[in-house]
Structures are given as C-alpha cells and as structure tokens.
Amino acid sequence: MRLFVSEGAPGSLPVLAAARRAQGRAELLISTVGPEECVVPFLTQPKIPVLQLDSGNYLFSSSAICRYFFLLSGWEQDDLTNQWLEWEVTELQPALSAALYCLVVQGKKGEDVLGPVRRALTHIDHSLSHRSCPFLAGETESLADIVLWGALYPLLQDPAYLPEELGALHSWFQTLSSQEPCQRAAETVLKQQGVLALRPYLQKQPQPSSLQGRAVSNEPEEEELATLSEEEITMAVTAWEKGLGSLPPLRPQQNPVLPVPGERNVLITSALPYVNNVPHLGNIIGCVLSADVFARYSRLRQWNTLYLCGTDEYGTATETKAMEEGLTPQEICDKYHAIHADIYRWFNISFDIFGRTTTPQQTKITQDIFQRLFARGFVLQDTMEQLRCEHCARFLADRFVEGVCPFCGYEEARGDQCDKCGKLINAIELKKPQCKVCRSCPVVKSSQHLFLDLPKLEGRLEEWLEKTLPGSDWTPNAWFIIRSWLRDGLRPRCITRDLRWGTPVPLEGFEEKVFYVWFDATIGYLSITANYTDQWERWWKNPEQVSLYQFMAKDNVPFHGLVFPCSALGAEDNYTLVKHLIATEYLNYEDGKFSKSRGVGVFGDMAQDTGIPADIWRFYLLYIRPEGQDSAFSWTDMLHKNNSELLNNLGNFINRAGMFVSKFFGGYVPEMVLTSDDQRLLAHVTLELQHYHQLLEKVRIRDALRSILTISRHGNQYIQVNEPWKRIKGSEADRQRAGTVTGLAVNIAALLSVMLQPYMPTVSATIQAQLQLPPPACSILPTSFLCTLPAGHQIGTVSPLFQKLENDQIESLRQRFGGGQLEEPLELKAKVSSKPAVAETMTTAGPQQIQVLMEEVTKQGNIVRELKAQKADKNQVAAEVAKLLDLKKQLALAEGKPLETPKGKKKK
C-alpha cells in the first residue's frame, strides 16, 4: 500500500495518526507530495490524502482511509462510531471549514472564529460528559476519536479556541494530542507553523458558508425563503383556486381493514412492550408514538392502513414480576395489559388493534412456523450449559440472572443482553452472576435445547436484504446493526427455555420447555392480527401487495431485521417481511436514565397527573425524538418549546387568524384578491407542505414537525407585515387588503390543522371545530395548498389553543420526578469529605436566579477567552479563571447538582 499525504492539507492529519494501525499488518509506504499533484488518475482535480491499495484501487476520503487502517488492526465497527463519523461529515466539517477560513484566510480572531463551531464543540463535550467515558465511543480510542481529533487539531491546538468551560472536550483533546502518532502527524502536516500551515491549501478552497452547527441544537433557525420560479408560483395559484373540488373521494371505511389489490396497503407495527412494567417516555417515543404519527399520516394520504401493537406477555420477565407481586403470571398479564392500554389511550395512540400474545392463536402460529423449520432441517438439538440456582431448585432463564458484562464491565447486565453496550450475552458468560430471586450464586449445569440454525439461513437472509434494501427506508442504525451481525457471521441461537410461562414446544422430549421470546415475540404481530380477523394471512402472507413498516428502539433491531426474517424465510410460507425498519436511539431523562425504582423520570401513568395535556407531551417527545443520536428529556426545554413554539408561534398565529375573521368580518371568511406577494406566499407554503410530505414519506418524523412550525412562522410574519388590524380602519382598498390577508391567513391555519393531525390530534380537531373546516378537508392532506375556506364560509367560536407553562409549575414537576438523583451523589460526597458539606446540601434556586447565574458564567467565560486570545499576563488570567470556576460552582449548587472536581493541568 502507498499513502499519499501533503504538508498543509488538513485531511492528512487523521490518516497519518491512524496509519500506525497498519504497522506490522501490511507493508505501507508513506509519500509526501505537493497539494496540486494528481495522484488518482481518474480524478480531474487534485485530491489529498489518497491510499493506493495493493489491488490498484484508491481510497481518497480521510474517513475511509482511517477506517481501512482500523479494520486492518482487527477493530470491530460499532453503531456509535458510525454515527459520529456521519455527524463529522454533515455537521462538524461545514462549521469547522467556516471557522478555519475566518481564522487563516480572513485573519479574523476571537468569537468570529469560535462562533461557527461553538455548538459543535459543546455537543462533543456534552456527549463525553454524559457518557462518562474518556473517548467518544467508549472506554478505548476508536476510529471516531482519530477522525474528529484530526479535523479539530488545527483549530484547537491554539488554547484560545479550546473553551476552558468544556472540561470533557479539553481532557479528550489533550489525551489524544499527547499520543506519539498524533504528535508525529501534527509535525508532518503543520511543520511547526501551527494553523498558518494550512493557508496555501485553504486559499484555494471556495469560501464556505457558516452553518453555526445547526443540527446540534433543537432551536429553530431563521428560515430563508426559497427562490421561486414563475412556474412554481403559477402552479401554486392554480391549485389554490381549485379548492375542495380537487380533493379525491374519501376511502370507504372497512371493518376489519384488509388489503385491497391495486392500492397502497400499509401494515404498521410498533415493538410489543413487555407487559411486566409501566412504559416511560422513552418507551413511548421509541415505538408506539412514532408509529402512531406515521399511521395517522398514512390515513391522511388515503393509504389503506392497519396499525397494530400489543403486550408481549410470555417469558422470564413476567414470571419474575409475578413472584415480586405474589400473583400468577396470568394475573400479572391481565393487570399490566390494562395499564398499558389505558396509557396509550390517554396518549391518543390510534391502534386498529392493541392485542396480547397469551392467546391460542399465538400458540398455533408459533408452533406451525417451528414445525415447518424443523421439517426443513433448520432446527438443531444440542446440550447447553446453563446457570442453575440450587437454592431455588431451577434452571435460571436469562432475566433471572444478572452480573457484570464480559464486554464493557457494566455491573447490572442481564443474562441475555447488556443494556449499556447493547451486546447479546449468554448468561454463563456473565462475571459474578447472581440469581435475581434469592441473590445466591448459581452453578453451571447442562440442559438439552433447540437452536435455530442461523448459519444455514444466512444466505437466504442476505439475498432477501439485497432485494429489499434498495428503495426501502431502513434507518442507518438499523442497517448497521444487521450488517455488523452478518459481518461477524451468524451462529445458531437457542430458541427454547426452561420455563413454565410461554408457548409450549411441540416436540417429544421438550414438553417441559417453552419457546424463548427471541423466537416467538415477533410472531405476536401475526397472532394479534389473527385475533383481529380470521383473514390475517391477507396481511401476513402477501408480500407482493403489503408494505410492512416496523417501529422500535435500536435494541430490538436484531429480532425484527434478522431472527424473524430468518424464521419466516426458512418456513417457506410466503410471509410478509419488513420493508421499512425504523429504529430510534435512546431517550434519556435530564442527565440520567429513567428508573421506576428510584422514582426518576416520567412514566406513562404519571404523565396524566401532571396537568399537562397529552398533546403537549406528544409534541415535545416528537420534537426531541432521538432519530440520529440519543436525546434527553428536559423540563426546562419542554417549558421553552411550549411557550415559544406552541404558544407564541403556532397558537398565536392560528388564534389571530380566526379572531380577525370573527372580529372584523362577523365570523365569515372575507373576499380575497391576491397580489403577487400573496401568490408568492401560496407557493412558499406549498413548497413547505411538499417538504413535509417528502420527510414523512421517508419517516423523518422530527424534521417534518419543523415544517409545520415554519409555515406558522411564515403566517405570523405575513400578518405582522400587512397589519390587517390597522387596514380595516382605512380606505376601501385598505379594508379589501385586510380581508385578503385575513382570508389567506385563516386558510393557512386550516392547512396547519390537518398537517398537525398526526402529531397533536386533539389540538388538530379543536382547530378544525373552531374553523368549521368541511369534513373532506379534515381527512385528506393534499400535496398543494388549497383554498378550503372560501369567501363566505362561516367559522365557529375561536379560543386560545395553548396555555403557558410557568417556571414554578415546571420546577415543582422537576422536583417531583427527580427521585434520588440529588441525594445519592451528596451522600457519597459526604462520606469522602473531611468537612461538613453545608453549601452542597442547599435546595435548588429559582429559575430566575439560575438564569442570572448562567448569563454570568457565559459573560465570565468570554472574558477568560479574550484574555487568553490576547496572551495576557498569566496571573490576570488565573484570577479571572478563578472567578469563572466560582460562578460555575454557584450555578451547580443553584441547580442542585453535585460539585465536580475541577479539571485542569497537574502542577509539576
């Protein structure tokens, strides 16, 4: 292999740092060339760095070259690293390019340089702090660390651009920069000139636009109106004028809903929640709420849609819960199934079916699939070493065991999977295993079991994936998880357990065993449908006419994307398999995890008691939906989004539009005489509506919600500019103008009511009732903005849609759902402290005081940065840093957080 790098080319930094991975594993020649040299013969422009492989092929992406070196060393890919690499390309690089251009080419300093990347740097710092790991993807250095270090080094090697308050980022950067491969890479590329070594390279690049790290923040940006062509404006006006008459006829209601030949038949499932617990907000957004949005959208598109879910009721978890509560497994299932159903009913989840897996249909269909697999040679019999608790006199199924994860060291790993690293585990691999029932140490003994022969089915699975994935919508994390399983090679997986509560195994010698949920939980979708209609096979054995969308959190991907497809393909019964696999990341609570036992976080049954309507919960959870990476529920952010986006933006616009009709025009929509500006607004709204459709068709639920808020902002701006409340008092022309603005605004409100229906169904229905929107317009969402409220249409009584959330209300809820988060760290701190921690036990301050302290911290941080940039006297800098640390201590105490040990350089 031959690696071509160049002095002053920033992309050379990470590849040189990663090249050490190839040492001893392949012969590597490193050549330094000029930045203008064309190394790759088929590229018209020079490209550096480049790796020429022994095969004659070329890699000319820094990330691809680094990945190749890491793979050579035996490094195993992981989902989190791939997410970081995607973020580096799409978010960090554009912002970093703008910052470096400002610094090196334009000669700017201070905030002009730091501004474009501040949010990106904060994002890295927050991720490192939140995971409490020294590196981006875990406890050891990964590909992501080297790629991001190489991108950031030219800027951050100057301490002026490494913010003091970002302690985790500072520690991470210094750790990597001190490593010999990174030091050598920096010397080779920057040649002791620092960032100025990049000037010749950057001067030849086009001037980048500063993106201000947009994806790191949840905050909406100022939308720039797109440039419109005359054709787009004309088409928008034509569609508007056609009005309700252009809507297609409503689909006739079916009961039961069954596939219709020639139509788009959409089958939607959300992962079956375990019956033994109460779902928290992360469970709700991860599957049922996300799937509900898409199901409601599908119906608005007049697609023939069936949405189903149910409780997963068999298995160890149910037996464990039954023992805890002194009930039988069936009593536990009955109790918690009702709890789940009530919660989803309150959240307004529009299931066509919400069933359960403890049914005769589940037994019949599961046993049929098993027998077909067994008859075709896809089931193996083998002896398996298993943990047995001698005290309880029983083999322990996976969830009856917990211990230390053999991969990441997490101390509460289950016997089937680690919740921290996500890896699947055989219970006997756990370190320090314990029986969850009696806490004694189990022993290893042998038991005869059945295994699904996944290696024999691997070829069929790969062939199916090759046909399915092109044109489908699998989220990147879902495809990566399945790909990593295939890369490592499939192994036989045990599908039976020594339990009493489950689907019986129909095989001689296995009468005392049941099927493992690994195998039969996903079959629950079929049995739930079979309990809904005896024509269930028209959905589940009809891949030619049915598009299957499955929603879940990422830990469920292997069951849906691999185990069930293998089972169905091996059964050879023409089963409908997943076409679109939609997996979210995880939702955390504030700065930690949801925990029912510790009282931390909001669970479904608790949300009803907060006084906050279900639609507000729906809106906020969908606004922060963890699509590309983990996200966190925040009470402060929920207050802000409610008061700014719902109350001041969406609610304000819709209420004003309706009130103008009532107040100025007697409740009747006035005549509208469109000007060229009005026609352009029609086109802008149509473009945003079409963008909304494009996003939801790709199941980008969170981004599509932004389109609703964008249209609402356009409407607010339109009203503000035209001031109908003033024009109504003026001349005839002014009054006519007021009528046009009011009529167009109330039609935008009508459109928003339909776009909002998948997200906030109750609010949507309220708007439609207030505007007396004609029934066809309530049930169909067109692809263009139509006049659905023509002149002369009478609206109903208009009233405010949203209420302000108050600081003291939210602070009370934060305390209520905070559990032991504050007490535990303070107790631990008290044990190791030699002095009474009086200040550390103070109660949290009010929101106003916290806001003042946050502003003071920001202000003092800017002072410290400016002094460092000016290379001021060290004593002066130290004094200002001390002030900053003291302010941060005050802020931490005010927020009720435990104090952290200050990070900094060790004294020599």
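The following refers to the structure shown. Just so it is clear, the model here is predicted, and its values are computed rather than measured. Numbering of residues begins from 1 in every chain and follows the order in which that chain's sequence is written. Only residues with pLDDT of at least 70 are given local features in this predicted model, and only at 80 or more are side-chain atom pairs given and counted; all residues enter the totals for whole chains, interfaces and linings. As a rule here, side-chain values come from all non-hydrogen atoms in the structure, and water together with hydrogens is ignored.

1. Details of the overall build of the chain
Now for step 1: The way it works is that DSSP assigns letters per residue, a run of H or I at least four long becomes a helix, a run of E at least two long becomes a strand, and they are numbered from the N terminus. Regarding its fold elements, the chain presents 32 helices and 20 strands.
Now for step 2: Residue exposure (1.4 Å probe, protein chains only): buried if accessible area is under 20% of the type maximum, exposed if over 50%, otherwise partly exposed. A total of 908 residues make up the chain; the buried ones form 55% of that total.
Now for step 3: As displayed, the chain offers around 40,200 Å² of accessible surface, 50% of which is attributable to carbon and sulfur atoms. Calculation of accessible area relied on Shrake-Rupley with a 1.4 Å probe; when residues are assessed, cover is drawn exclusively from the protein chains displayed.

2. Let's talk about the packing of aromatic side chains
Now for step 1: Any Phe, Tyr or Trp ring, taking Trp's six-membered ring, that has another such ring centre within 6.5 Å forms a pair; planes under 30 degrees apart are called stacked, those over 60 apart edge-to-face, and the others tilted. Across all of its chains, the model carries 31 aromatic pairs by this definition.
Now for step 2: Seen in terms of ring centroids, W518 and F559 are 5.1 Å apart; in terms of plane orientation they differ by 85°. Their pairing is edge-to-face. A residue pair is termed long-range when its members are at least 10 positions apart, and W518 in helix α16 (residues 517-520) and F559 in helix α19 (residues 557-571) qualify at 41 residues.
Now for step 3: Look at W518 and you get buried, because its relative accessible area is 4%.
Now for step 4: One aromatic cluster is present, formed by F294, Y297, W303, Y549, F551 and Y692 through successive ring pairs.
Now for step 5: Sitting over a ring, as applied to charges here, requires NZ of Lys or CZ of Arg to be within 6 Å of the ring centre and within 35 degrees of the ring normal. Taking the ring centre of F407 as reference, the NZ or CZ of K423 above it sits at 5.5 Å.

3. Overview of the sheet that holds strand β1 (residues 2-5)
Now for step 1: Taken in spatial order, the four strands line up as β2-β1-β3-β4 in an open sheet, and their pairing is mixed. Edge positions in the open sheet fall to β2 (29-32) and β4 (58-59), since each of these has one partner strand only.
Now for step 2: Two strands make a pair as long as DSSP finds a minimum of two bridges between them. Note: β1 against strand β3 (residues 50-52), three bridges, orientation antiparallel. Within the sheet, the bridge partner assigned to L3 lies in β3 and is L51.
Now for step 3: The sheet contacts of helix α2 (residues 62-72) involve β1, β3 and β4, and relative to β3 the element is tilted by about 45°. In what follows, residue pairs with any heavy atoms lying within 4.5 Å of each other are defined as contacts. To obtain each axis, a line is fitted to C-alpha atoms, and for helices this fit is confined to the stretch in contact; angles are then taken between N-to-C directions over 0 to 180 degrees.

4. Some points on the sheet that holds strand β10 (residues 401-404)
Now for step 1: If you trace the three strands from one edge of the open sheet to the other, you get β11-β10-β12, paired in antiparallel fashion. In the strand order of this sheet, the two ends are held by β11 (413-414) and β12 (431-435), each with one partner.
Now for step 2: Strand direction decides the pairing type here: β10 and β12, joined by three bridges, are antiparallel. When the bridges of β12 are listed, V404 appears paired with K431.

5. Section: the state of the cysteines
Now for step 1: Working definition: a disulfide is two cysteine sulfur atoms within 2.5 Å of each other. Within this structure, the stated rule accounts for zero disulfides.
Now for step 2: With no disulfide of its own, C418 lies 3.7 Å from the sulfur of C408, the closest cysteine sulfur.
Now for step 3: Judged by relative accessible area, which is 1%, C418 ranks as buried.

6. Re the nonpolar core
Now for step 1: Nine residue types can take part in a nonpolar core, namely buried Ala, Val, Leu, Ile, Met, Phe, Trp, Tyr and Cys, and a core is a set of them joined through side-chain atoms within 4.5 Å. Counting residues in each nonpolar core, the largest one holds 181 residues, and the members touching the most others are W617, W635, Y692 and Y759.
Now for step 2: Element by element, the count of residues in this core is highest for helix α10 (residues 281-300), at 12 residues.
Now for step 3: When sequence neighbours within four positions are dropped, the list of residues in contact with Y759 reads V293, R618, L622, Y692, L696, I701, A704, L705 and I708.
Now for step 4: Among the nonpolar cores identified, the runner-up in size contains 66 residues, and L3, V15, A18 and F173 belong to it.

7. Re unusual backbone geometry
The bulk of non-glycine residues show a negative phi, and the bulk of peptide bonds are trans.
Now for step 1: The linkage connecting N255 with the following residue, P256, adopts the cis geometry, with an omega of 0°.
Now for step 2: Relative to the elements of secondary structure, P256 occurs in the loop between α9 (230-242) and β5 (265-270).
Now for step 3: In this model, R439 sits at a positive phi of 70°, which is unusual for a non-glycine residue.
Now for step 4: Accessibility expressed as a relative area gives 41% for R439, which makes it partly exposed.
Now for step 5: Backbone geometry at E723 places phi at a positive 45°, although glycine is not the residue there.
Now for step 6: Summarising the element assignment, E723 is placed in the loop between α24 (701-722) and α25 (724-727).

8. A short note on the pairing of β1
Now for step 1: Where β1 meets β2, four bridges bridge the pair, whose relative direction is parallel. If you follow L3 over to β2, its bridge partner there is I30.
Now for step 2: We call a crossover right-handed when, viewed with both strands directed away from the observer, the connection leading from the first strand over the helix to the second proceeds clockwise. Read as a crossover between parallel neighbours, the route from β1 over helix α1 (residues 12-18) to β2 is right-handed.

9. Structural notes on the environment of T328
Now for step 1: Among the structural elements, T328 can be located in the loop between α11 (316-325) and α12 (329-346).
Now for step 2: Assessed through its relative accessible area of 39%, T328 is described here as partly exposed.
Now for step 3: Along the sequence, T328 and T318 sit 10 residues apart, while their C-alpha atoms lie 9.2 Å from each other.

10. Structural notes on helix α21 (residues 614-623)
Now for step 1: Of all the 10 residues making up α21, 10 are buried; the element is thus mostly covered by neighbouring parts of the structure.
Now for step 2: Along α21, the residues that are buried comprise A614, D615, I616, W617, R618, F619, Y620, L621, L622 and Y623.

11. Focus: the side chain of S764
Now for step 1: Mapped onto the elements of the fold, S764 is located in helix α27 (residues 761-771).
Now for step 2: Owing to a relative accessible area of 1%, S764 belongs among the buried residues under this scheme.
Now for step 3: Here S764 is in contact with S753, L756 and Q757, once residues within four sequence places are set aside.

12. A word on α12
Now for step 1: For α12, with 18 residues, the first-to-last C-alpha span of 26 Å sits near the 26 Å given by 1.5 Å per residue.
Now for step 2: Residues I332, C333, Y336, H337, H340, A341, I343 and Y344 constitute the buried set of α12. Within α12, the buried residues cover an arc of 160° as seen down the axis, which keeps them to one side.
Now for step 3: Buried residues along α12 sit against α10, β6 (304-311), α11, β7 (353-356) and α20 (604-607).
Now for step 4: Positioned one or two residues after α12, N348 has a phi angle of 65°, which is positive. Multiplying 1.5 Å by the residue count of a helix minus one yields the expected span of that helix. Read the arc as the range of directions from the helix axis to the C-beta atoms.

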